[in-house]
Amino acid sequence: MPAHPDLERLYDDHAQALFAFLLNFTRDENDTRDLLQEIFIKLARQSGLLEAARDHRAFLIRLAHNAAVDLIRRRRSRDRHHERFSAEQDCMFVSSADPDEAAFRTELSVALGQLPPDQRAVVHLKLWEGFTFAEIAATLDIPQNTAASRYRYGLDKLRELLRPLHEALK
Amino acid sequence: MNNQDEFERKLERQPQRQIPPAWRAAILSAAREASASRPGRRPVWSAINHLFSTLLWPRPEAWAGLAAVWLLVFGLNFAAREPSREAALRETPPAAQMRDLWRQHEQTLAELVGLPERPGMPHRKMPPPTPRSQRREDFLHA
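Turning next to the overall build of chain A. Counting secondary structure elements, chain A contains eight helices and zero strands. The order of helices and strands in chain A, counted from the N terminus, is α-α-α-α-α-α-α-α. Across the 170 residues in chain A, those meeting the buried criterion constitute 34%. Relative to all contacts within chain A whose residues are 6 or more apart in sequence, the contacts with residues 24 or more apart total 62%.

Secondary structure assignment for chain B yields seven helices and zero strands. With 142 residues in all, chain B has 4% of them scored as buried.

Okay, the interface of chain B and chain A next. Contacts between the two partners involve 21 residues from chain B and, on the opposite side, 29 residues from chain A. Among the elements of the structure, helix 1 (6-13) and helix 2 (22-36) of chain B are those that each provide at least two residues to the side of chain B that touches chain A. Among the elements that line the side of chain B that touches chain A, the one with the most residues is helix 2 of chain B, at nine residues. Looking at the side of chain B that touches chain A, its residues break down into eleven nonpolar, four polar and six charged.

By size, the foremost hydrophobic cluster in this structure holds 46 residues, and its most contacted members are A:Leu7, A:Leu18, A:Leu22, A:Leu36, A:Ile39, A:Phe40 and A:Ala64. If you tally residues by element for this core, the top one is helix 1 (residues 5-26) of chain A, at ten residues. Here this core spans two domains, and each of domain 1 (1-90) and domain 2 (93-170) of chain A adds at least three residues to it. Apart from the residues within four sequence positions on either side, A:Leu7 is in contact with A:Phe40, A:Leu43, A:Ala44, B:Leu28 and B:Ala31.

If you check helix 2 (residues 29-45) of chain A, its first and last C-alpha atoms are 24 Å apart, about what 17 residues at 1.5 Å a residue would give, namely 24 Å. Residues A:Asp31, A:Thr32, A:Leu35, A:Leu36, A:Glu38, A:Ile39, A:Phe40, A:Leu43 and A:Ala44 constitute the buried set of helix 2 of chain A.

All names here are of chain A. Non-glycine residue Arg-27 carries a positive phi angle of around 65 degrees. With respect to the secondary-structure elements, Arg-27 resides in the loop between helix 1 and helix 2. Residue classification places Arg-27 among the buried residues on the basis of 24 C-beta atoms within 10 Å. Phi is positive for Asp-141, close to 60 degrees, though the residue is something other than glycine. Looking at the secondary structure, you find Asp-141 in the loop between helix 7 (133-140) and helix 8 (144-169). Looking at Asp-141, the number of C-beta atoms within 10 Å reads 9, which means it is exposed.

Turning our attention to the packing of helix 6 (residues 117-127) of chain A against helix 7 of chain A. All names here are of chain A. Helix 7 packs onto helix 6 with a crossing angle of 135 degrees between their chain directions and a minimal axis gap of 10 Å. The angle between helix 6 and helix 7 places the two elements in the oblique class. Considering how the two elements wind past one another, helix 6 and helix 7 form a crossing that is right-handed. Note on element contacts: helix 7 touches helix 6 through Ile-136, Thr-139 and Leu-140, opposite Ala-121, Val-122, Leu-125 and Lys-126. When its residues are assigned to classes, the contact of helix 6 with helix 7 shows five nonpolar, one polar and one charged.

Attention shifts here to the packing of helix 2 of chain A against helix 2 of chain B. It is at 8 Å that the axes of helix 2 of chain A and helix 2 of chain B come closest, and there the two elements cross at 40 degrees. In terms of orientation, helix 2 of chain A and helix 2 of chain B fall into the oblique class. Crossing hand, helix 2 of chain A versus helix 2 of chain B: right-handed. Contact residues: helix 2 of chain A offers A:Arg33, A:Leu36, A:Gln37, A:Phe40, A:Ile41, A:Leu43, A:Ala44 and A:Arg45, while helix 2 of chain B offers B:Trp23, B:Ile27, B:Leu28, B:Ala30, B:Ala31, B:Arg32, B:Ala34 and B:Ser35. In terms of residue class, the contact of helix 2 of chain A with helix 2 of chain B is built from eleven nonpolar, two polar and three charged.

Residue and element names in this part refer to chain A. Assignment of secondary structure puts Thr-106 in helix 5 (residues 99-114). By C-beta crowding, Thr-106 is classed as partly exposed, having 16 other C-beta atoms within 10 Å. Separated by twelve residues in sequence, Thr-106 and Val-94 have C-alpha atoms that sit 9.5 Å apart.

On average, residues of chain B score 76 in pLDDT, and 56% of them reach the 70 mark or higher. The secondary-structure element of chain B with the lowest mean pLDDT is helix 5 (residues 85-91) of chain B, recorded at 62, while helix 2 of chain B shows the highest, at 91.

Thresholds applied
All chains use their own residue numbering, which begins from 1 and follows the written sequence. Each chain is given a letter, starting from A, and each ligand a number, starting from 1, according to the order in which they appear as written. This being a predicted model, a pLDDT of at least 70 is required before a residue's local features are given, and a value of 80 or more before pairs of side-chain atoms are given or counted; all residues contribute to the totals for chains, interfaces and linings. Helical segments are the DSSP runs of H or I of at least four residues, strand segments are the runs of E of at least two, and each set is numbered from the N terminus. Comment: burial labels come from other C-beta atoms within 10 Å of the residue's own C-beta, placed from the backbone, where a count of 20 or more is buried, 12 or fewer is exposed, and between is partly exposed. The contact criterion used is a C-beta to C-beta distance within 7 Å, with each C-beta placed from the backbone. Polar here means any residue other than Ala, Val, Leu, Ile, Met, Phe, Trp, Tyr, Cys and Pro, which are nonpolar, and Asp, Glu, Lys and Arg, which are charged; Gly is therefore polar. Take the buried Ala, Val, Leu, Ile, Met, Phe, Trp, Tyr and Cys residues, join any whose C-beta atoms are within 7 Å, and the set you get is a nonpolar core. Bear in mind that the domain bounds are from an automatic or database domain assignment. Expected helix span is computed as 1.5 Å times (number of residues minus one). Angular values range over 0 to 180 degrees, each being the angle between N-to-C directions of two axes fitted as lines to C-alpha atoms, with helices fitted over their stretch in contact. Roughly parallel refers to an angle under 35 degrees, roughly antiparallel to one over 145, roughly perpendicular to one between 65 and 115, and oblique to any angle outside these ranges. Here is the rule for handedness: rotate from the far helix to the near one, and if that takes an anticlockwise turn smaller than a right angle the crossing is left-handed, while a clockwise turn gives right-handed. pLDDT expresses how confident the predictor is about each individual residue, on a scale running from 0 to 100.

What follows is the structure, given as structure tokens:
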């Protein structure tokens, strides 16, 4: 009998979303795995962690966000010249057999990497998690207006970076 | 959302990479092991060590520099502090020396006033002052 049946259910329900969020935030698959493991170790050690949470997905994404922010902060203060976050980036989309689609996904992944992490987190939750601005604000612990403005700035930058390719593919 | 434009919809449709299936067993296994091997209470030394590393972690050299400055300030303060009362008493001359000094001082004063005074000579006692009217009577009856 498994020691933590809830842990498996939580993994099956939320690990994919956490993976996508963390990969978009860190841009590195190894960091994503480390952070994901860190979250599940925390859940295993503190069995009552999710009891008070109304929305498990939002709570887990908040844990993931905090863990990723901590990781970036540690990296920056320990090694000021560490530029891996912007230099080497793992693509966060499925590769496509269609060369145009493949090019767009690659460019989109690169463009997302050029957004500040705060904007990237909001854009991700809005576009790929379908969160409302109120939910994003609650998850990331920011005012709702801030969430909306970060999304607008992030989307404008993506539009600007991808416009030539997007227009060409129309 | 009604006001979404075509660009946003296109972004939404992009399929995200799937989490590698092999991660599931590894992550859940690591979580279980960490949970099982978790000590009940953290040892005191480990807790202190953790506290110090948390406090000093951001810039250890800055904290070391600050500690060195504090030590320097403490050392300078210690070196420049006023002598203690006992030390001050120890440094005062003995009573015999003080008496000699006082006698020399009296001698110098007497020479300046014009009264030669031998050392050890008893002081002349002056009569107590009397009122002027009394002086006049003394003069008339003399």
